[in-house]
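In case you want the letters, here they are:
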Amino acid sequence: MKKSYILLLLISFLLQHALAQNPFVTNYSISDGLPTSKGNCAFQDSKGFMWFGTDAGVSRFDGNQFVHYTEEDGLSGNLVIRIKEDKKGQIWFLNLNGTVNYYSNGIIYNDNNAPFLAELKTNFLFHNFFEDTDSTLYFYNTASEIYVVKNNKYIDYQNLKNNDAHLSRSTYALNMSSDGHLLLWASDGILELENIDNITKHHRETGLIHKAFPLDKNKTLILDQFGSIHLFQDTEPIQKNILTSESQTINDIIIDNEGFIWISTFDKGIFCYQNEKLVAHLDIRKSQNLIVDNENNIWTASNFDGIYKINRNILKYEHIGLEEFDNKGITDIAPANNKGVWVTNGESLFWIHNQKKFGRKIPVEGHILESIYQLKNNTVILSGSNTNINFIEEVKVNEQKNIIEHVEPWKSGYNVKKVVVDSSENKLYSFANDRLITCDLKSPYTTSFPPLNIGRINNLFINNKNLVVIKGSRFTVTDGDSTYNNAIYQQFSDQILTSHLNLDKQNEILNIYGNNLYLIHNEQTYNLTKDLKTQIDYRIKDMVYSENTLFFFTVKTVYFITNPLDYLTTGQVELNRLNIEFNNINDILCQDSLLYVASDDGLTFIPIKESVNSQPQETQPYFTKVSLNDEELSLLENKVVFKNKNRLSIEFSSLNYSSIPSEYSYKMKGLDDNWSNGRETRVVYLNLEPGEYTFQLKSHKNREPFSEVIELPVIVNPTFFQRTSTKVLLLFLTLFFLFLIVRFFYQRKIQQKETDHLLITLEHKALQSMMNPHFIFNALGSIQGYLLQNKSSEAGTYLSQFARLIRQNMNSLKSNYICIDDEIERLRNYIALEKLRSNNRFEYEIIVDEELDSYEACIPSMIIQPFVENAIWHGISPLYEGGKIKVIFNYLDEKSVEVLVEDNGVGIKNEDSISNPSHGLNMGITLTKKRLKLIGERQGVKSTIFTSNLFPEEEFPGTQIKIIIPLVEAKL
């Protein structure tokens, strides 16, 4: 036992990886999104999500982001110790306080929304549950209590504790035998149960069981009291003593898909065995259960450090950690002459062969070594950035003493930036600031400084024609004897050269700015990275070429392009990358079918064929969140239905536990014709038209094929005004209203024409009323009377005024309006004629308001005369003398004028109307009233005629007629 323990420690020391610098082990802690560093369990559900139980609730992880659930979300306790899924897809959480919850369709159920959980409680925490073929769940704990649940209903309970006071029973597992019996794996043996109330057989021959771990296909691993592990099929051991554990605090044992046995211990980390041989030991403190995910990674929870993911390639690739290199990262790697490789950690030189290390510290006076080159004569040249060139001659590896032997190094005496050696190993070239330094390797390191005058040098390399190419303010090429410019390189003179690689005698690659790789072939350049479908996350540092594959690296990982020269015929290449992330890669090397990666993690050995031809692992896209105008919607119905919203946001992710990021392709079917590609995980659509759409999403990583397309139906229901029926109705109503408007204007036009016709008719009738035969007969009679009385002068005056009045009345037919001055003139003419005819029995007066511009203001023609005529013939005609007529024009507003016609005659009996025949009003007044109404409606003025007694209390009360007439500001 002691020898095996020492052997275990020795193998552990040789294989143990320092987790903090192991590229195959990823630790997720608080800084990565976990709510706590105390992990209790890990689990992967049937959809592919990882779940972690912690002392701060449970966390769901998709490889990119965490979603946390706590008591605020419905958990009955934040300290979750076990997570497991049943056949219905319900995920159960077993809590330290003895309570149980389950998760389904985004909801956590507790005894409030699932009352049966109130009975599913124990004073001892539940250890696990077993589900039989009819979906009955058996929850059990180490105190041998069993609670039975079926169809989310509590149906039974049994306590199978041992009644023997000297031997208490602890239950470790529960599963089912091939013949359908329940098997209870307890400390005192295996109990075979017909049901939880009936123990049919007790298998004590197994001895005392310390732990039991059920596997698939009715198999179980048990750990006995002596630390030996046995494999059982049902109740029979099929393989005894397959392993012996040095730890009694084993928390879990699993067998992965390739047959490796993984053991998680609380005190000594995680062990991995193959055929009883320890092949890996990871010092993960306080590790709990173990899970193999669908990408064949191993997961464990640490009660001290959070969650660990162990890359599936950890057993395929080799790695030497920093503890073998004085806890310093590897800064450079170079091929050795005969076998193996040279590496340096910046201050020491190491020779590695078959994963064995031989080292020797090289004094470099505080500088860091970053470049190794071994000449064919076994001289090793070491240099760094701004260090002396160190020439170490007669280098030999003493494998027995595990040391590197050599003579005292020779130093150049000057600091350089970079060192390159020509293919014939005749000369070494380096530079410092603006000087090119040439060292003759055949003579005793004779150095020269040829002048260049190209400014500060930032890089140099040997091209595939063995010419030295120097990058300063421009590119300069030298063969050792002369310098000249080269058109191919000169096109990159204003850009930064990061690195260079010769593929063969016809092809070389320039790394410009660290993000563009230019292939130079037969004096032509081709940008290999211009149309890559996969994004390079960081700047490219350097490149190597092996087995028709171009490898190049960034600080984090290694990318590769298989057959890069295919670009010359196809115009495209495919970019791939390793499923490993490193901590600051410093150099890579391809040799002996291995890809060596030198990083701050140490030195990693990766088989080239294994990496180039690795099996693809598909991603699984899913929708994480859908929002309408920033309001989150439920995804339970797997569709989105809305209306009258103008901002639809769809967020998504993918299940991807590799270090290679997922890339997405999506389109909105019904809107987009082409797929959109990229790494963005959120798409926003604005103002989608009503209709039925389907958002389609697929994902992939690296060169792997796209996943199956997942779909999210999007139904945009039309609002009331967006419905076709509403649009038809609105169109009909619009046409109807247009018809009504056209009809209205048409009728208005007809009515206008009718009104105009009526006004013309009324004007003619008014004129006829003013020039009726009776008036003309009386006027001619008056003229005749003057002539018979030999009053020719009066007859002439009368005739002249009568002729003027006739002319004025005829002129009024030419326009609908007349200036107030002209109207006053006509009124004077008419009144003068009437005064002459009545032998001057009355006087008259016409008064105009000072505010009224009688020259500019116009009123309808032939309006006032009928009322004056009425005052003369019906008002003052009964008087023999002393009659008075007064016409007053008062300014009301810019649209109307008030005209008062007053007389001191007999008055009227009825003040409310002047249209009553008893008042003696003639046809002219009636026509005038109609004209005023029509004209007022057209001009927007309420035209009125109101009559009243002027002196109501007197014998002759007189009459006052008030007329509101529309006013026009322009003379027409």
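Below is a short write-up of the structure. What you see is a predicted model, and the numbers here were worked out from it, not measured in a lab.

Section: helix α9 (residues 865–876)
It helps to recall that an α-helix has 3.6 residues per turn; residues three or four apart then point in one direction.
Line of reasoning, step 1. In a regular helix each residue adds 1.5 Å, so twelve residues correspond to 16 Å; α9 covers 16 Å between its end C-alpha atoms and thus fits that length.
Line of reasoning, step 2. Of all twelve residues making up α9, ten are buried, and the element is well covered by its neighbours.
Line of reasoning, step 3. Of all the residues in α9, the buried ones are Gln 865, Pro 866, Phe 867, Val 868, Glu 869, Asn 870, Ala 871, Ile 872, Gly 875 and Ile 876.

Observations concerning the sheet that holds strand β27 (residues 298–302)
Line of reasoning, step 1. Reading across from one edge, β1-β28-β27-β26 is the order of the four strands in this open sheet, with antiparallel pairing throughout. Every other strand in the sheet has two partners, leaving β1 (25–28) and β26 (287–292) as the edge strands with one partner each. Ignoring strand direction, the axes of neighbouring strands in this sheet form an average angle of 20 degrees.
Line of reasoning, step 2. Bridging between β1 and strand β28 (residues 306–310) involves four bridges; their strand directions are antiparallel. Opposite Val 25, over in β28, you have Ile 310 as the bridge partner.

Some details on the packing of helix α8 (residues 820–837) against α9
Relative orientation and spacing of two packed helices are given, respectively, by the angle between their axes and the distance between those axes.
Line of reasoning, step 1. Orientation of α8 relative to α9, taken along the N-to-C sense of each, is 20 degrees, at an axis distance of 11 Å. It follows from the interaxial angle that α8 and α9 lie roughly parallel. Between α8 and α9 lies a crossing of right-handed hand. Where α8 approaches α9, its residues Glu 823, Arg 826, Leu 827, Tyr 830, Ile 831, Glu 834 and Arg 837 are matched on the opposing element by Gln 865, Val 868, Glu 869, Ile 872 and Trp 873.

Points about the sheet that holds strand β69 (residues 842–848)
Line of reasoning, step 1. Ordered in space as β69-β71-β72-β74-β73, the five strands form an open sheet in which the pairing is mixed. The two strands at the open ends of the sheet, each matched to only one other strand, are β69 and β73 (945–949). Between one strand axis and the next, the sheet turns by 15 degrees as a mean value, whatever way the strands run.
Line of reasoning, step 2. One ladder, built from seven bridges, connects β69 with strand β71 (residues 883–893); its direction is parallel. By the bridge assignment, Phe 842 is partnered in β71 with Gly 883.
Line of reasoning, step 3. Against the sheet, α8 contacts β69 and β71, and its axis sits at roughly 175 degrees relative to β69.

Cut-offs applied
Positions within a chain are numbered from 1, following the residues in the order the chain's sequence is written. Thresholds applied to this predicted model are a pLDDT of at least 70 for local features of residues and 80 or more for the giving and counting of side-chain atom pairs; totals over whole chains, interfaces and linings are not thresholded and use all residues. To get the side-chain values, all heavy atoms of the structure are used, and hydrogens and water are removed first. A run of H or I in DSSP becomes a helix once it reaches four residues, and a run of E becomes a strand once it reaches two; helices and strands are each numbered from the N terminus. Expected helix span is taken as 1.5 Å per residue step, with the number of steps being one fewer than the number of residues. Per-residue accessibility, obtained with a 1.4 Å probe over protein chains only, is compared with the maximum for each type, and a residue is labelled buried under 20%, exposed over 50%, and partly exposed between these values. We call two strands paired when DSSP finds no fewer than two bridges between them. Orientation is described by lines fitted to C-alpha atoms, with helices fitted over the stretch in contact, and by angles between N-to-C directions that extend from 0 to 180 degrees. Angles below 35 degrees are treated as roughly parallel, those above 145 as roughly antiparallel, those between 65 and 115 as roughly perpendicular, and all remaining angles as oblique. Two helices that cross are described as forming a left-handed crossing if the nearer one is turned anticlockwise from the farther one by less than a right angle, and a right-handed crossing if clockwise. Contact definition: two residues touch when any of their heavy atoms are within 4.5 Å.

Any functional reading would require information beyond the geometric quantities listed.
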